[in-house]
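# Report on the structure
Spelled out, the chains give:
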Amino acid sequence: MVAILIMGIACNKTTVSLSSREQTVQYLTGTGNRYWKIRELYINGVQQTLTSAQLDYWKVYTVPIGDPDAPGSFSTMDGYIGSWELTQPDQITERILNLPNGPVSYLLKILKLGTYEMDVEYTANGVVTRTVYFAN
């Protein structure tokens, strides 16, 4: 009887409740970093046929382990390196740091984010670009 009681106590799982922000960061970065690849691309609401380069394209988001409140970093297949920060529950501010003319910041609106899917959009020069990514 004691053995069964000990086994029952040992097998109990403790669930850790994450804040909305922590959950978003975890979806974006996994356990420290997560690779994302393009599944769909829309320009002003019109779905685009992906080129072979777009099908191979990847972006990786990283966050310092143990500190989901710290700004994270990202890198892309085409050589961009930058930082990101969750500035609203549904908004990521990205800053590309390695451009020849200096850093550039832009806002990504999160339309959907889960463990294996990210749907984001941004507007630049009147053009709305929506990208749907999947994670490996």
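Up top is the structure these notes are about.
Residues numbered from 1 in each chain as written. Predicted model: local features only at pLDDT ≥ 70, side-chain atom pairs only at ≥ 80, totals over all residues. Heavy atoms only, no water.

## Some points on the side chain of glutamate 94
In this structure, glutamate 94 sits in strand β6 (residues 91–96). Here glutamate 94 falls in the buried class, since its relative accessible area comes to 0%. A polar contact is formed between the side chain of glutamate 94 and the side chain of tyrosine 61, at a distance of 2.3 Å. Here the side chain of glutamate 94 touches tyrosine 106 through a polar contact of 2.3 Å, side chain to side chain. With near-sequence residues (within four places) excluded, glutamate 94 lies in contact with Lys59, Tyr61, Phe74, Ser83, Trp84, Val104, Ser105, Tyr106 and Leu108. (Helix = DSSP H or I, 4+ residues; strand = E, 2+ residues; numbered from the N terminus. Buried < 20%, exposed > 50% of the residue type's maximum accessible area, 1.4 Å probe, protein only. Polar contact = N/O pair within 3.5 Å; in protein donor to acceptor, adjacent residues only side chain to side chain. Contact = heavy atoms within 4.5 Å.)

## Description of helix α2 (residues 20–29)
Residues of α2 that are buried: Thr24, Val25, Leu28 and Thr29. The arc that holds the buried residues of α2, viewed along the axis, is 110 degrees, so those residues lie on one side. Residues of α2 that are buried in the fold lie against β1 (33–43), β3 (58–62), β5 (81–88), β6, β7 (104–113) and β8 (117–124). One or two residues past the end of α2 sits glycine 30, with phi positive at roughly 65 degrees. (Arc of directions from axis to C-beta.)

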